Amino acid sequence: MQIDKLRGKELDDLFEGILKLETVEECHHFFDDLCTTNELVSLKQRFQVAKMIKEGHTYSRVQNETGASSATVSRVKRCLDYGSEGYHTIIDRLD
């Protein structure tokens, strides 16, 4: 797992803080303070790519609808296939 290199109290504090958020509006406020606009766009885009791939859409449709590069689509697909199941966990819970 990529994140193993970053594990520690500081990362745990961040994730525990995120788990304390109770509403979408609280998430908007927190992530607005935490991330730049470009970081949020990237996070949002990758999540949309993951959802579309999981729904069975073609790479070209995913790229056209999300504006993601082929490299981003491939990376997200690799995470869906061989990653830590993070995308699957959240997408499945949203369904």
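Structure: above.
What counts, and where the lines are drawn
Residues numbered from 1 in each chain as written. Predicted model: local features only at pLDDT ≥ 70, side-chain atom pairs only at ≥ 80, totals over all residues. Heavy atoms only, no water. Salt bridge = Lys/Arg side-chain N within 4 Å of Asp/Glu carboxyl O. Helix = DSSP H or I, 4+ residues; strand = E, 2+ residues; numbered from the N terminus. Core = buried A, V, L, I, M, F, W, Y, C linked by side-chain atoms within 4.5 Å. Buried < 20%, exposed > 50% of the residue type's maximum accessible area, 1.4 Å probe, protein only. Contact = heavy atoms within 4.5 Å. Axes fitted to C-alpha atoms, helices over the stretch in contact; angles between N-to-C directions. Parallel < 35°, antiparallel > 145°, perpendicular 65-115°, else oblique. Nonpolar A, V, L, I, M, F, W, Y, C, P; charged D, E, K, R; others polar.

Novice: Provide a residue-level description of the pattern of salt bridges, including the pertinent values.
Specialist: Taken as a whole and judged by the stated rule, the model has five salt bridges. For Lys 54, the salt bridge is made with Asp 92, and the minimal N-O distance between the two is 2.6 Å. Here Lys 54 is found in helix H3 (residues 37-54), whereas its partner Asp 92 is found in helix H6 (residues 86-94), with 38 residues between them in sequence. Across the pair Lys 77 and Asp 81 runs a salt bridge whose closest N-O atoms are separated by 3.1 Å. Taken as a pair, Lys 77 and Asp 81 lie in helix H5 (residues 70-82) at a separation of four residues, close to a single helical turn.

Novice: Got a sec to walk through the nonpolar core? Specific residues and values, please.
Specialist: Ranked by size, the top nonpolar core spans eleven residues in total: Val 49, Ala 50, Met 52, Ile 53, Val 62, Ala 68, Val 73, Val 76, Leu 80, Tyr 87 and Ile 91. Listing elements by their share of this core, those giving two or more residues are H3, H5 and H6. Of all the elements, H3 adds the most residues to this core, at four residues. With residues up to four places along the chain from it excluded, the contact list for Val 73 reads Val 49, Ile 53, Tyr 59, Val 62, Gln 63 and Ala 68.

Novice: Go over the environment of Lys 44 with me, naming the residues and quoting the values.
Specialist: Along the chain, Lys 44 turns up in helix H3. Spatially, the C-alpha atoms of Lys 44 and Thr 66 are 9.5 Å apart, while their sequence positions differ by 22 residues.

Novice: Give me the lowdown on the packing of H3 against H6, citing residues and values where you can.
Specialist: Two quantities define a packed helix pair, namely the angle between the helix axes and the distance between the axes. Running from amino to carboxyl end, H3 crosses H6 at an angle of 75°, the nearest separation of the two axes being 11 Å. The orientation of H3 with respect to H6, classified from their angle, is roughly perpendicular. Contact residues: H3 offers Arg 46, Phe 47, Ala 50, Lys 51 and Lys 54, while H6 offers Tyr 87, His 88, Ile 90, Ile 91, Asp 92 and Leu 94. The residue inventory of the contact of H3 with H6, partitioned by class, reads six nonpolar, one polar and four charged.

Purely geometric numbers; function is a separate question.
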